[in-house]
Amino acid sequence: MSDALDDQTIFGRYDASGMAGRVGRVATQLREGWAQTRRLTLPAPYREATAVIVLGMGGSAVGADLVRGVFADRLRVPLVVVRDYRLPAFAGPSTLVVASSHSGATEETLAGAAEALERRCPVAVITSGGPLAETATRDALPLLRFEPESQPRAAVGWSVALLAGLLERAGHLALADVEIEAAAEQAERRHAACAPGVSTAANEAKQLAWSLVERLPVVVGGGHLAPVARRWKTQLNENAKSWAIADELPEATHNTVAGILQPDSLREHLFAVVLASPDDHPRTALRGELLAALLGEAGTAHARVAIEGSGPLAQAFDAIILGDLVSVYLARLYGLDPTPVEAIDAVKRRLAEA
Ligand code: F6R
């Protein structure tokens, strides 16, 4: 039996810019982004840095969250993601600052990059153009550039591969070609399994979208899947134009779990997705099971979603593609085009006028 998500003509009309297809471009971005960084050589201050700051907002910050979370056990220096105008006090000549902005025009990122240059930090740039690319050219900074294809959030393969590749070239991260390839292949597999042409009966992303419609999504993940939970939240916000909450394990079992009863009237309007990986810490996995059981007792609908892939990066991209497609299908169920983000554009416009 087919349903509203299976009618390709109607689906194509809502998804006029083809966001469902763009989700699948991530695999190519990973491969091409990584290949681009193989040609990079970095001066000594970049290699000798004792900490890394990544400046970015929204879709241009998520890559840094992912690199920090997925490679937490092998990054040789601390990595801090700054989503703000100002740098933390510790930033100085031994801090590598990476300014990441799809448009190259995001004011928080530009302000942070200017401050980093004033403080004599080694600065590198990831962008598709704009004032940030001009700064990089003017100051002869390492510049990793990619072609803008769609929205910043659809460039997550570029953000992850370019940042991870830069850190690998600087000697701050051990990462092999095969891991990038495994992630790209897993992304392709998940996209094929959950593509618009696969009917709801056999399509996990469509099934989850149906579960989330008219409900407030709460997405929970631990370890390398914690930044993925946040990615789901932001994709549900920007593609489906829906409220969404992200939470992290094991922390959620130390506070959130106590707060799932009130408001009483809200419980039946929530849907919790608990991401589960075969590589979760065993106690984190158990905590995820316990959280799901308590949600069940509280009468809140939920699903534990099994994430696949060999290695943490492949698993992260498996979960990202699933979540991205869920958000696109949910947009369809709300009768919305997933691509435009008029609210974000309006905020930027009004800020520019102020
Ligand atoms: C839009 C999106 C936003 C932007 C953010 C920063 O698709 O994802 O979250 O990423 O407004 O803009 P950029 O990425 O141009 O620095």
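Just above, that's the structure.
Residues numbered from 1 in each chain as written. Predicted model: local features only at pLDDT ≥ 70, side-chain atom pairs only at ≥ 80, totals over all residues. Heavy atoms only, no water.

Student: Report on the overall build of the chain, specifying residues and quantitative values.
Tutor: Looking only at helices and strands, one finds 14 helices and 9 strands in the chain. Against the 2.2 N^0.38 benchmark of 20 Å for 354 residues, the chain shows a C-alpha radius of gyration of 20 Å, consistent with a compact globule. A principal-axis box enclosing the C-alpha atoms of the chain has dimensions of 60 × 45 × 45 Å. Per-residue burial for the chain yields a buried fraction of 53% across its 354 residues. For the chain, the exposed surface amounts to about 15,100 Å²; the carbon and sulfur share of it is 54%. Of the charged side chains in the chain, 34 are positive and 42 negative, and the gap between their average positions amounts to 3 Å. (Helix = DSSP H or I, 4+ residues; strand = E, 2+ residues; numbered from the N terminus. Rg over C-alpha atoms; globule rule 2.2 N^0.38 Å. Buried < 20%, exposed > 50% of the residue type's maximum accessible area, 1.4 Å probe, protein only. Areas by Shrake-Rupley, 256 points an atom, 1.4 Å probe, with all protein chains shown as cover. Lys, Arg positive; Asp, Glu negative; His and termini not counted. Charge placed at Lys NZ, Arg CZ, Asp CG, Glu CD.)

Student: Can you tell me about the sheet that holds strand E2 (residues 79-82), naming the residues and giving the values?
Tutor: Here 5 strands make up an open sheet; going across it, the order is E2-E1-E3-E4-E5 and the pairing parallel. Only two strands of the sheet have a single partner each, and these edge strands are E2 and strand E5 (143-145). Sheet twist, expressed as the average angle between the axes of neighbouring strands with direction ignored, equals 15°. With 3 bridges connecting them, strand E4 (residues 123-127) and E5 associate as parallel partners. Along E5, the bridge assignment pairs Ile126 with Leu144. With respect to the sheet, helix H5 (residues 62-70) is in contact with strand E1 (51-55) and E2, its orientation differing from that of E2 by roughly 155°. (Pairing = 2+ DSSP bridges. Axes fitted to C-alpha atoms, helices over the stretch in contact; angles between N-to-C directions. Contact = heavy atoms within 4.5 Å.)

Student: Before we move on, could you go through helix H8 (residues 156-169) and cite the residues and values that matter?
Tutor: Here H8 contains 14 residues, and its C-alpha end-to-end distance of 20 Å stays within 8% of the 20 Å for a straight helix at 1.5 Å per residue. For H8, the buried fraction is high: 12 of the 14 residues fall into the buried class. Among the residues of H8, Val156, Gly157, Trp158, Ser159, Val160, Ala161, Leu162, Leu163, Ala164, Gly165, Leu166 and Leu167 are the ones counted as buried. (Expected span 1.5 Å × (residues − 1).)

Student: I'd love a proper account of the layout of surface pockets, names of residues and values included.
Tutor: A water-sized probe, rolled over the atoms, reveals where empty space remains. There is about 620 Å³ of room inside the largest pocket. Together, 25 residues line the largest pocket, and Met57, Thr106, Glu108, Ile344 and Lys348 are the ones closest to its centre. Those elements that place two or more of their residues in the lining of the largest pocket are strand E3 (95-101), helix H6 (107-118) and helix H14 (342-353). It is H14 that provides the largest number of residues to the lining of the largest pocket, a total of 6 residues. For the lining of the largest pocket, the residue count by class is 9 nonpolar, 10 polar and 6 charged. Taken as a whole, the second largest pocket encloses approximately 280 Å³ of empty space. Together, 18 residues line the second largest pocket, and Val218, Thr256, Gly259, Ile260 and Leu270 are the ones closest to its centre. Those elements that provide at least two residues to the lining of the second largest pocket are strand E6 (216-222), strand E7 (245-249), strand E8 (270-276) and helix H12 (282-297). Sort the elements by how many residues they give to the lining of the second largest pocket and E6 lands first, with 3 residues. Among the residues making up the lining of the second largest pocket, the classes are represented as 12 nonpolar, 4 polar and 2 charged. (1 Å grid on protein atoms, 1.4 Å probe; cavity = no way out; pocket = protein on both sides within 12 Å on 5 of 7 lines; lining within 4 Å. Points joined across faces, edges and corners; volume = space filled by probe spheres on them. Nonpolar A, V, L, I, M, F, W, Y, C, P; charged D, E, K, R; others polar.)

Student: Give me the site of the ligand: which residues, what numbers.
Tutor: Around the ligand, a shell composed of 14 residues is seen, among which Ser60, Ser101, Ser103, Thr106 and Arg153 lie nearest. Take Ser101: an N or O atom from its side chain is 2.6 Å from an oxygen atom of the ligand. Of all the cavities here, the one that holds the ligand is the largest pocket. (Near = heavy atom within 4 Å. Polar contact = N/O pair within 3.5 Å; in protein donor to acceptor, adjacent residues only side chain to side chain. Sits in = over half its atoms within 2 Å of the grid points.)

Function cannot be read off these values alone, since they describe shape.
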